[in-house]
Amino acid sequence: MKKKILHLLNTSSYSGAENVAITIINNTSDDFDSSYASLKGSIKNDLYQNRIKFLPVQSMSILEIRRIVKEYKPDIVHAHDFTTSIIAALSGISVPIISHLHNNSPWIKTYHPYSFIYLFSTLRYKKILGVSKSVFEEYVFGKK
């Protein structure tokens, strides 16, 4: 039986992170059963064209993450940005979380409330992936 991966994205339309998630899902479909959860929107069409199961959420919130995890029962949650990573970490789910960072938000370079929140949320992640070394090098807590 294939492991189930739930990909979380905080958008409703197709762009860079969405392309990466769809590519990962398509390239691992022989080994994993993956689904894509995000806000409702035009992304549904791209997922349909790629034959990827779409799990729409009303909002990217702790309650919605709990609901989706309870329904889908994934073995791994792959969160594709700072927001979904933090929300997944705070949701109280017991599923391992992969935090995948696709950009260098301006606040990661300073002692900002978000940089502290992300720091504390890292305690819940099994792995942290970045699209480039600069994501980690520019993060004020990157060495931690």
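Just so we're clear, the structure is a prediction, and the values are computed from it rather than from any experiment. (Residues numbered from 1 in each chain as written. Predicted model: local features only at pLDDT ≥ 70, side-chain atom pairs only at ≥ 80, totals over all residues. Heavy atoms only, no water.)

Points about helix H5 (residues 113-121)
For H5, the complete set of buried residues consists of Ser-115, Tyr-118, Leu-119 and Ser-121. Buried residues of H5 fall within an arc of 165 degrees about the axis and therefore sit on the same side. In H5, the exposed positions that point more than 90 degrees away from the buried face belong to Pro-113 and Phe-120. Against helix H4 (82-90), strand E5 (97-101) and strand E6 (125-130) lie the buried residues of H5. (Buried < 20%, exposed > 50% of the residue type's maximum accessible area, 1.4 Å probe, protein only. Helix = DSSP H or I, 4+ residues; strand = E, 2+ residues; numbered from the N terminus. Arc of directions from axis to C-beta. Contact = heavy atoms within 4.5 Å.)

Some points on the nonpolar core
Grouped together as the largest cluster of nonpolar side chains are 28 residues, with contacts concentrated most on Leu-6, Leu-8, Val-69, Val-77 and Tyr-118. Sorting the residues of this core by element identifies strand E1 (3-8), strand E3 (53-57), helix H3 (62-72), H4, E5 and H5 as the ones contributing at least two each. If one sorts the elements of this core by residue count, H4 sits on top with five residues. When neighbours within four sequence positions are excluded, Tyr-118 is seen to be in contact with Phe-82, Ser-85, Ile-86, Ser-99, Leu-101, Trp-107, Tyr-125, Ile-128 and Tyr-139. By size, the runner-up hydrophobic cluster in this structure holds ten residues, among which are Leu-9, Ala-21, Leu-47 and Ile-52. (Core = buried A, V, L, I, M, F, W, Y, C linked by side-chain atoms within 4.5 Å.)

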